[in-house]
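# A structural walkthrough
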Amino acid sequence: MDAILMKEISRILQFELKNPKLGFVTVTDVQCTRDMSQAKVFVSFLGQQDRNEAGMKILNQSKGFIRSTLAKNVKMRKVPDLIFVQDKSLERGRKIDNIIKQINEKEDTKTEES
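Reference entry: report on the structure contained in this document. Because the structure is a prediction, the values reported are computed rather than measured.

Conventions and cut-offs
Residues numbered from 1 in each chain as written. Predicted model: local features only at pLDDT ≥ 70, side-chain atom pairs only at ≥ 80, totals over all residues. Heavy atoms only, no water. Pairing = 2+ DSSP bridges. Helix = DSSP H or I, 4+ residues; strand = E, 2+ residues; numbered from the N terminus. Contact = heavy atoms within 4.5 Å. Core = buried A, V, L, I, M, F, W, Y, C linked by side-chain atoms within 4.5 Å. Buried < 20%, exposed > 50% of the residue type's maximum accessible area, 1.4 Å probe, protein only. 1 Å grid on protein atoms, 1.4 Å probe; cavity = no way out; pocket = protein on both sides within 12 Å on 5 of 7 lines; lining within 4 Å. Points joined across faces, edges and corners; volume = space filled by probe spheres on them. Nonpolar A, V, L, I, M, F, W, Y, C, P; charged D, E, K, R; others polar. Axes fitted to C-alpha atoms, helices over the stretch in contact; angles between N-to-C directions.

This part takes up the pairing of strand S1 (residues 25-32). For a regular strand, the rule is simple: side chains alternate between the two faces of the sheet. Where S1 and strand S2 (residues 38-45) come together, seven bridges link them in antiparallel fashion. Bridge pairing in S2 places Thr26 opposite Ser44. Counting the residues in the hairpin turn of S1 and S2 gives five residues, including Met36, whose phi is positive at 60 degrees.

In structure tokens form, the structure reads like this:
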């Protein structure tokens, strides 16, 4: 069910939620509780941190619309309460890549000096 919700929420955000301030948002994962009362929706944004915060605010303000649209489009007994969480794994991955590059550059410099 998580994959179905992920696909449908992505579609709603892309085609039905008409808010130009939202920007480019990607649903990276959805995790539902066993009783389907809640669904954590992990999202990532393209751009600076201030745009991310604005995007999260818009998503939280649009929960009702997204949830009601889900109820119309997905046949399920109970539509979960949506909890939007900013997925920062891409950002962490970039930081790790930069650290590895810096270490490699230092190693290359030491090798050249020897």
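It is worth spelling out the side chain of Thr69 at this point. Within the secondary structure, Thr69 is located in helix H3 (residues 63-73). Among all residues touching Thr69, those that are not within four sequence positions of it are Ile12 and Glu16.

In summary, soluble globular proteins display a tendency toward joint burial of nonpolar side chains. Membership of the largest hydrophobic core comes to 25 residues, with the highest contact counts inside it found for Val43 and Leu59. Those elements giving two or more residues to this core turn out to be helix H1 (2-16), S1, S2, helix H2 (49-61), H3 and strand S3 (81-86).

This part takes up the layout of surface pockets. By rolling a water-sized probe across the atoms, one finds the places where empty space is left. The computed volume of the largest pocket comes to approximately 230 Å³. Lining the largest pocket are 13 residues, with Ser44, Phe45, Asn52, Leu90 and Arg94 positioned closest to its centre. Secondary structure elements with two or more residues in the lining of the largest pocket: S2 and helix H4 (89-113). If one sorts the elements of the lining of the largest pocket by residue count, H4 sits on top with three residues. For the lining of the largest pocket, the residue count by class is four nonpolar, five polar and four charged. Taken together, Ser10, Leu13, Gln14, Leu22, Gly23, Phe24, Val25, Thr26 and Val27 form the lining of the second largest pocket. Looking at the lining of the second largest pocket residue by residue, the class counts come to five nonpolar, four polar and no charged.

Quick look at the sheet that holds S3 now. Overall, mixed pairing links the three strands, which are arranged S1-S2-S3 in an open sheet. Of all strands in the sheet, those bounded by a partner on one side alone are S1 and S3. Adjacent strand axes in the sheet meet at a mean angle of 25 degrees when their direction is disregarded. The sheet contact formed by S2 and S3 spans six bridges and is parallel. Across the sheet, residue Ala39 finds its bridge partner in S3, namely Leu82. Taken strand by strand, H1 contacts S1, S2 and S3, and its axis lies near 150 degrees from that of S1.

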